[in-house]
There are 2 protein chains.
Amino acid sequence: MVTITDIAASLGVTPSTVSRALAGSSRVKESTRLAVEKRAAEMGYERNVVASNLRKGRSNMVGIVVPRIHREFFSNVIGGAESVLNQAGYNVIICQTMESLDAEIKALKALRNYRVAAVFLSHAIECKNGSHVREVLGNDLPLVQFDRVFPDLPGAKIVGANCEGAFTATKHLISQGYKRIGTIAGFMTSQAYVERLAGYRLALESAGMTFDPSIVFEDSIVRETGYEACKKALEAGCDALYSTGAFSALGAMDALKEKGIRVPEDFGIVATSNESFTSLMSPSLSTLGQQPFEMGQAAARAFLEGRTNTEVIPMELHIRQSSNRNK
Amino acid sequence: MVTITDIAASLGVTPSTVSRALAGSSRVKESTRLAVEKRAAEMGYERNVVASNLRKGRSNMVGIVVPRIHREFFSNVIGGAESVLNQAGYNVIICQTMESLDAEIKALKALRNYRVAAVFLSHAIECKNGSHVREVLGNDLPLVQFDRVFPDLPGAKIVGANCEGAFTATKHLISQGYKRIGTIAGFMTSQAYVERLAGYRLALESAGMTFDPSIVFEDSIVRETGYEACKKALEAGCDALYSTGAFSALGAMDALKEKGIRVPEDFGIVATSNESFTSLMSPSLSTLGQQPFEMGQAAARAFLEGRTNTEVIPMELHIRQSSNRNK
DNA sequence: GGCAAATATACAAACGTTTGTACAAAAATC
DNA sequence: GATTTTTGTACAAACGTTTGTATATTTGCC
């Protein structure tokens, strides 16, 4: 492998001059810079980034820590972040925590030891607060949290517009003429689910409808619990559901199909989701989609521009068959 | 940050002794090793991997190059590889090529400059052969290709059992009593699709059925072309299809629904796919699934064990409603 | 106890870059 | 033309490790 010392020797200058020339420093003459660049190209030089990183005490890598890489949501965030970071000359190093706090700490330590330029983080479910992050990362290393964020940690945060999104989704159901709209809610230990429930409530109240806790079905995010929730909703006289999850909505559809209830004629349903299957099933499922790719891009841009504010990424309402009575 | 020099000073030994102690070298006394380890822990020492990598000329990172991170298949491969590599003390650095040859070359160069321990690669569609890889990576850097591989390149290769899988899927349709089985095939420029077609043909012929090119519908991998292919298949008197793609099978389902043809009673269908929606739709779609997570794990193990053979990962036949007449 | 062998540690160079300081040459000022 | 200023390059140290060689210490043996 050819080094700057080789180039320097071949041109009769010093390595420092070559280094500066290649870095575009104003301290080297235009003519020597061109000579260096020419020779470097001829000799097929490429900077040893490891040496460069050691000397600079910082690398051009960004660490991304997620619970599981292969979840549709996270892989899209990573994809979005990578596409922006790559343009800016950064590479991406990935760690998955498998939802374990210990693994998250281990990953953060590894990234710190790699002297990454920044860490993008969506917390493991086991994490109850961000104290471990502060401890490991210190205050110098830029941190961008996304989706699962702790407000007490410094740095940029990228979150979905949960409240606003749920509001829009519920409003949509109201506008379609549904009269008794329940919700399949998630775990109230998670900020995102709390916000969605708030948005749902706000939409009802702003339309003069009463918020009825008896048709709020909490802790339902998988197919089976969605199925159960929907059966209860039917017993309680609901004619629509806003679901905070995609799989729970799928379960709800199972229940509706079983009872022979027509969707969307007799019952409307909107799910919060990024899952691709929602658009493919029949009837296709109306969804309130987070935009993970955009969140990843936003995280990258927040880091590149040195911002530390909280950015809210709007959710997109996809009106499909399951809630569209007009068509 | 505390360095080995700090530890050495605090113990009155030299950095080299500390380094060897922490590396578990037999050249340091048991008692000093313990003392070093104790002090290192006390002082909160963590190895500067950048310096270590520079000195060793090799890092403990593995580069993974894929067309797009957020494709379900690739994100699963990455997830599988990461889970194994992480256990072995490696971290994963990811590059996406967006199917561009130039981006693939750029990514490989970046990884080489990071002095990664190995490169796992699934080629961009633009690549017609592996010559660029050889040029950039040289012969020292271990290469593991997966899914989209070039046989002319050295190193381990992890591929799906395309021929065998298609054989099994087609056999399954035959066993269900379907009499005229067509196939929605992909592009014959891709090795994987060629192999699947071969498997399909083999299954027919081994069952004494004739291979009929007029019911081989090539170049159909999206929903629209799948829809068209299915209509043609129906005109040609088919009562079943083996589809090489999931989305084309979805299109086929559209066509069948439109014509009011019952699945699986009057028509059977099996798709090759890793897409999760296949199990969620109704009727659920029988699939021949590649096992991307396992492929990622296999790639990692091939690297860790220094193997350079070609490993074939079996495909899994998921018999669901779309082809199950017995139930 | 003296010598050789084995063991444990110290020394120093190296990995390839970056960057502060020093110095030389050229240009500008009087 | 001598002095100051600017510009361009050289020198050398540093980043924190690893590792070959040399040296000091201990051990074993007669």
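**Considerations on the protein's contact with DNA strand D**
Taken together, the neighbourhood of DNA strand D is formed by 27 residues, with A:R27, B:R20, B:R27, B:Y45 and B:R55 sitting nearest. A:T14 is positioned such that a nitrogen or oxygen atom in its backbone is 2.9 Å from a phosphate oxygen of DNA strand D. Interatomic distance of 2.9 Å between a backbone N/O atom of A:K29 and a phosphate oxygen of DNA strand D. Residue assignment for the surface near DNA strand D shows that the elements contributing at least two residues are α2 (15–23) and α4 (49–56) of chain A together with α1 (4–11), α2 (15–23) and α4 (49–56) of chain B. Residue composition of the surface near DNA strand D, by class: 6 nonpolar, 12 polar and 9 charged.

**Side note on helix α1 (residues 4–11) of chain A**
A side-chain oxygen of the first residue of α1(A) lies 3.2 Å from the backbone nitrogen of A:T5; this N-cap is A:T3. Two residues or fewer past α1(A), A:G12 is found with a positive phi of approximately 70°.

**Notes on the layout of surface pockets**
Residues and elements named next belong to chain A. Roughly 580 Å³ of volume is contained in the second largest pocket. Per-element tally for the lining of the second largest pocket: the top contributor is helix α6 (residues 101–113), with 6 residues. Split by residue class, the lining of the second largest pocket holds 8 nonpolar, 9 polar and 7 charged.

**Comments concerning the protein's contact with DNA strand C**
As a matter of local geometry, DNA strand C sits amid 27 residues, with A:R20, A:R27, A:Y45, A:R55 and B:T32 nearest to it. The contact atoms of DNA strand C, taken as those within 4 Å of the protein, divide so that sugar and phosphate hold 56%. A:S52 places a polar side-chain atom, nitrogen or oxygen, 3.4 Å from a phosphate oxygen of DNA strand C. Within the side chain of B:T32, a nitrogen or oxygen atom sits 3.1 Å from a phosphate oxygen of DNA strand C. Secondary-structure elements contributing two or more residues to the surface near DNA strand C are α1, α2 and α4 of chain A together with α2 and α4 of chain B. Ranked by the residues each element gives to the surface near DNA strand C, the list is headed by α4(A), at 4 residues.

**Here we look at the interface of chain A and chain B**
Contact with chain A, which involves 43 residues of that partner, is made by 43 residues of chain B. For the pair chain A and chain B, the two sides together bury roughly 4,000 Å², of which 57% comes from carbon and sulfur. It is A:V50, A:Y114 and A:L280 in chain A that bury the most area against chain B; as a group they hold 16% of the surface buried on that side. In this structure, the connection of chain A to chain B is made through 2 salt bridges.

**Quick look at the domain arrangement of chain A**
According to the domain assignment, chain A contains domain 1 (4–47), domain 2 (58–160 + 293–313) and domain 3 (162–290). Each of domain 1 of chain A and domain 2 of chain A has a C-alpha centre, and these two points are 36 Å apart.

**Notes on empty space enclosed by the protein**
One pass over the full model with this rule turns up 1 cavity of 30 Å³ or more. Reported here for the largest cavity is a volume of approximately 80 Å³. Lining the largest cavity, in full, are A:V50, A:N53, A:S59, A:M61, A:Y114, B:V50, B:N53, B:S59, B:M61 and B:Y114. Of all the secondary-structure elements, those providing two or more residues to the lining of the largest cavity are α4 of chain A together with α4 of chain B.

**Re the packing of helix α10 (residues 223–235) of chain A against helix α11 (residues 246–259) of chain A**
Residue and element names in this part refer to chain A. Two elements in contact, α10 and α11, have axes whose closest approach is 6 Å; the angle formed by their N-to-C orientations is 50°. Of the possible angle classes, the one that applies to α10 and α11 is oblique. The way α10 lies across α11 gives a crossing that is right-handed. The segment α10 lies against α11, with R223, G226, Y227, C230, K231 and L234 engaging F247, S248, L250, G251, A252, D254, A255, L256, E258 and K259. The residue inventory of the contact of α10 with α11, partitioned by class, reads 8 nonpolar, 3 polar and 5 charged.

**As for the sheet that holds strand β4 (residues 143–146) of chain A**
Sheet architecture is open: 12 strands sit in the order β11(A)-β5(A)-β4(A)-β3(A)-β1(A)-β2(A)-β2(B)-β1(B)-β3(B)-β4(B)-β5(B)-β11(B), paired in mixed fashion. In the strand order of this sheet, the two ends are held by β11 (310–313) of chain A together with β11 (310–313) of chain B, each with one partner. Adjacent strand axes in the sheet meet at a mean angle of 20° when their direction is disregarded. Sheet topology note: the strand β2 (residues 91–96) of chain A/strand β2 (residues 91–96) of chain B ladder contains 3 bridges and is antiparallel. Across the sheet, A:I94 pairs through a bridge with B:V92, a residue of β2(B).

Reading the values: rules and limits
Residues numbered from 1 in each chain as written. Chains lettered and ligands numbered in written order. Predicted model: local features only at pLDDT ≥ 70, side-chain atom pairs only at ≥ 80, totals over all residues. Heavy atoms only, no water. Near = heavy atom within 4 Å. Polar contact = N/O pair within 3.5 Å; in protein donor to acceptor, adjacent residues only side chain to side chain. Helix = DSSP H or I, 4+ residues; strand = E, 2+ residues; numbered from the N terminus. Nonpolar A, V, L, I, M, F, W, Y, C, P; charged D, E, K, R; others polar. 1 Å grid on protein atoms, 1.4 Å probe; cavity = no way out; pocket = protein on both sides within 12 Å on 5 of 7 lines; lining within 4 Å. Points joined across faces, edges and corners; volume = space filled by probe spheres on them. Contact = heavy atoms within 4.5 Å. Buried area = accessible area lost by both parts, 1.4 Å probe. Salt bridge = Lys/Arg side-chain N within 4 Å of Asp/Glu carboxyl O. Domains from an automatic or database assignment. Axes fitted to C-alpha atoms, helices over the stretch in contact; angles between N-to-C directions. Parallel < 35°, antiparallel > 145°, perpendicular 65-115°, else oblique. Left-handed = near helix turned anticlockwise from the far one by under 90°. Pairing = 2+ DSSP bridges.

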